[in-house]
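Structure assessment
Each chain, letter by letter, is given below.
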Amino acid sequence: MEDGTSRSLGYCGDTGADYDVLQWDTREDCEVRQILDRIADKWSLLVIALLDRRSLRFTELRRMIDGISQRMLARTLRHLERDGLVGRTVHPTVPPRVDYELTPLGATLHKTIRALVTWTETHQNEVAAARAAYDRRVAAEQAKAEREAAERDAIARDVLAGGR
């Protein structure tokens, strides 16, 4: 393979000294962004998490995921199935019964999601403290800016009043 030649269409790996870390974000033929967008959305994460233990029917998933519409759940499941993360089994019954389960690929993703949730649980207090410190700093900066603006307005009023 020649230097700088992609391994396959959509490959976004390091291609040399001019590699740009944001390349995956801007190249149209790179699928990394598309995959991240799909698996990182809130509905996909919830579906993957719920399917970790067992297969579920569509109606069970819909009942378990607060706020998701029937259309959005169907769309999410269709995308996850297309990406090879969720398997769909249709049982020949009346009415038809459809079960969804994680594929082996989806199970590997669930391990990653579980690690992210564990990190979040471990560091939630630190994140909350950082948010509170940020909010205090921003509020103080805003108050200071408002005081300075009021002082400028007072000086301008004095100048205008004295100039008459």
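Rules and cut-offs
- Residues numbered from 1 in each chain as written.
- Predicted model: local features only at pLDDT ≥ 70, side-chain atom pairs only at ≥ 80, totals over all residues.
- Heavy atoms only, no water.
- Pairing = 2+ DSSP bridges.
- Helix = DSSP H or I, 4+ residues; strand = E, 2+ residues; numbered from the N terminus.
- Salt bridge = Lys/Arg side-chain N within 4 Å of Asp/Glu carboxyl O.
- Buried < 20%, exposed > 50% of the residue type's maximum accessible area, 1.4 Å probe, protein only.
- Core = buried A, V, L, I, M, F, W, Y, C linked by side-chain atoms within 4.5 Å.
- Contact = heavy atoms within 4.5 Å.
- Axes fitted to C-alpha atoms, helices over the stretch in contact; angles between N-to-C directions.
- Parallel < 35°, antiparallel > 145°, perpendicular 65-115°, else oblique.
- Nonpolar A, V, L, I, M, F, W, Y, C, P; charged D, E, K, R; others polar.
- pLDDT = per-residue confidence, 0-100.
- Patch = residues over 30% accessible without salt bridge, like charges linked within 9 Å, V, L, I, M, F, W, Y side chains within 5 Å.
- Areas by Shrake-Rupley, 256 points an atom, 1.4 Å probe, with all protein chains shown as cover.

**A short note on the sheet that holds strand 1 (residues 56-57)**
Sheets are built from strands that pair by backbone hydrogen bonding, the pairs being arranged parallel or antiparallel. Across the sheet, which stays open at both edges, the three strands sit in the order 1-3-2 with antiparallel pairing between neighbours. Sheet topology places strand 1 and strand 2 (86-91) at the edges, where each strand pairs with a single neighbour. Examined bridge by bridge, strand 2 and strand 3 (residues 97-102) share six bridges and lie antiparallel to one another. Bridged to His91 within strand 3 is Arg97.

**Quick notes on the pattern of salt bridges**
Inspection of the entire model under this criterion finds seven salt bridges. Its salt-bridge partner being Glu141, residue Arg137 comes within 3.7 Å of it at the nearest N-O pair. With Arg137 and Glu141 both in helix 6 (residues 104-162), this residue pair falls four residues apart, about one helical turn. Accessibility expressed as a relative area gives 47% for Glu141, which makes it partly exposed. For Glu148, the salt bridge goes to Lys144, with nearest N and O atoms at 4.0 Å. One end of the pair, Glu148, and the other, Lys144, are both in helix 6, four residues apart, so they sit about a helical turn from each other. Judged by relative accessible area, which is 34%, Glu148 ranks as partly exposed. A single salt-bridge network, built from bridges that share partners, covers Asp52, Arg53 and Arg114.

**Considering the nonpolar core**
Judged by nonpolar contacts, the single largest core of 19 residues is most densely connected at Val47, Leu51, Leu61, Leu73, Leu77, Val86 and Tyr100. When residues of this core are traced back to their parent elements, those giving at least two are helix 3 (42-50), helix 5 (70-82), strand 3 and helix 6. Beyond its immediate chain neighbours, meaning those up to four positions away, Leu77 contacts Val47, Phe58, Leu61, Val86 and Tyr100.

**A few points about the packing of helix 3 against helix 5**
At their nearest, the axes of helix 3 and helix 5 sit 10 Å apart, and the two run at 70° to each other. Taken together, helix 3 and helix 5 sit at an angle that is classed as roughly perpendicular. Contacts from Trp43, Ser44, Val47 and Ile48 of helix 3 reach helix 5 at Met72, Leu73, Thr76, Leu77 and Leu80. Among the residues making up the contact of helix 3 with helix 5, the classes are represented as seven nonpolar, two polar and no charged.

**Remarks on the confidence of the model for the protein chain**
Per-chain confidence: the protein chain averages 85 in pLDDT, with 80% of residues scoring 70 or above. A low-confidence stretch, residues 1-6 (pLDDT under 50), is modelled with five contacts involving residues beyond four sequence positions or located in other chains.

**Remarks on a nonpolar patch on the surface**
Residues Leu116, Trp119 and Val127 make up a contiguous nonpolar surface patch of roughly 290 Å² in combined accessible area. Residue position: Trp119 is located in helix 6.

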